[in-house]
Every structure is written in C-alpha cells, then in structure tokens.
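Residues per chain, in single letters:
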Amino acid sequence: MQICVERCYGMSHFITNFADVVKIPDADRVVVDVNNLIVSIIRFMEVMCLTRNIKLTFHADEKMQPISLDASLFEQTLLNIIKNSVESINEGGEIILTTDAELGTLEIADNGKGISKDVEQKLFSPFFSNKPKGQGIGLLFVREVLSQHSFRYSLQTYADEWTRFII
C-alpha cells in the first residue's frame, strides 16, 4: 500500500508539472539511490507483467553510487520505457533491468518484437509512433528528461534479437 501511495503522490507531482506537454518540467535534482528507485518501479510494474506472463528481473550492481537526478521525472521515464517493453512483448517474454557501476549504466532489455532500423531512426521524433493508438510523446518525453540530466542513451534491437535501452 505504501508503494501505491508513493506512486500516486509521484504521479500527481509529475502530472501537475507536465500540464504543458511542450515544456518538460525543469529537473529538481536530489541525490538518489538508483537501485532503490528501480526496485520500487519494478514492484509497481509487476502486476502488469504478471498478467501478461512477462518475467521482470532486476540485476542490481551493489557498487552503483547514488546520483543526482529528479526522482519523479526519472521514475516516469523508466515507467515509460518498461511499459514500451511490455507492449512490445505483449505476452510471454522477459524484461531485464541491469545497473553497472563500472560503466555507469542502466540497461532495460526485452525480448519483444524488436525495432526495425527504419523505425529506430524515427523513435525520438515528436509525435512519431508505431503503435496504432500511439501519440508519439512517450519517447519524446524520455529524450527530454534524459537530455536535461545530460545522460547519454541508446535504443536498438541487437543481433541476439533483444532490444536494449541503455542509459
């Protein structure tokens, strides 16, 4: 119940600040333990994954140092990425989140349908969506938040047929 309350508060804060779709709220940075943030996000997304028979796994590098970021914006960014993975898989797959302290990365990998090279080039374009009812603002939001934090990122499907979003 505590996680639900925290999520509702986080979403309320996020929605209030995100009322203007064109302008992403400025990042209000605090020092955050990324591993703990990911654990709470996974708990929130577990039900969606379980109902679709999707295995959601987190490999936390315990050496990962806390970093300065806007927890609310970053949380919404990760929720968007995981939701996209769930939708790509639809049913009966796997999503793996991995932190790596040495590389300073977070990887969200899924074995969904993958991304073609043609679509890959357009993914972060405003209002582009390859979903029938997509609005094309999810990955635009993700791009803007990650850029505000000066995080480098990539999203592509590899030869092993796993799609990886690496931050």
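Our subject is the structure listed above.
Residues numbered from 1 in each chain as written. Predicted model: local features only at pLDDT ≥ 70, side-chain atom pairs only at ≥ 80, totals over all residues. Heavy atoms only, no water.

Here we look at the pattern of salt bridges
Reasoning step 1: Following the criterion strictly, the structure yields four salt bridges and no others.
Reasoning step 2: In this structure, Arg-143 engages Glu-144 in a salt bridge whose closest nitrogen and oxygen atoms are separated by 2.7 Å.
Reasoning step 3: The exposure class assigned to Arg-143 is partly exposed, which follows from its relative accessible area of 23%.
Reasoning step 4: Judged by its relative accessible area of 30%, Glu-144 falls in the partly exposed class.
Reasoning step 5: Among the salt bridges present, the one from Arg-164 reaches Asp-160, with a minimum N-O distance of 2.7 Å.
Reasoning step 6: Assessed through its relative accessible area of 17%, Arg-164 is described here as buried.
Reasoning step 7: Classification of Asp-160 as partly exposed rests on a relative accessible area of 42%. (Salt bridge = Lys/Arg side-chain N within 4 Å of Asp/Glu carboxyl O. Buried < 20%, exposed > 50% of the residue type's maximum accessible area, 1.4 Å probe, protein only.)

Comments concerning the sheet that holds strand 7 (residues 163-166)
Reasoning step 1: An order of 2-4-5-7-6 is seen for the five strands of this open sheet, with the pairing classed as mixed. Two strands close off the open sheet at either side, each with one partner strand: strand 2 (55-59) and strand 6 (154-157). Strand-to-strand twist of the sheet, defined as the mean angle between neighbouring strand axes without regard to direction, takes the value 10 degrees.
Reasoning step 2: Pairing of strand 5 (residues 105-110) with strand 7 involves four bridges; the strand directions are antiparallel. Paired with Glu-107 across the strands is Ile-166, a residue of strand 7.
Reasoning step 3: Contacting strand 2, strand 4 (94-100) and strand 5, helix 2 (residues 34-51) crosses the sheet at an angle of about 170 degrees to strand 2.
Reasoning step 4: Along the sheet face, helix 3 (residues 71-89) touches strand 4, strand 5 and strand 7 and points at about 25 degrees away from the line of strand 5. (Pairing = 2+ DSSP bridges. Helix = DSSP H or I, 4+ residues; strand = E, 2+ residues; numbered from the N terminus. Axes fitted to C-alpha atoms, helices over the stretch in contact; angles between N-to-C directions. Contact = heavy atoms within 4.5 Å.)

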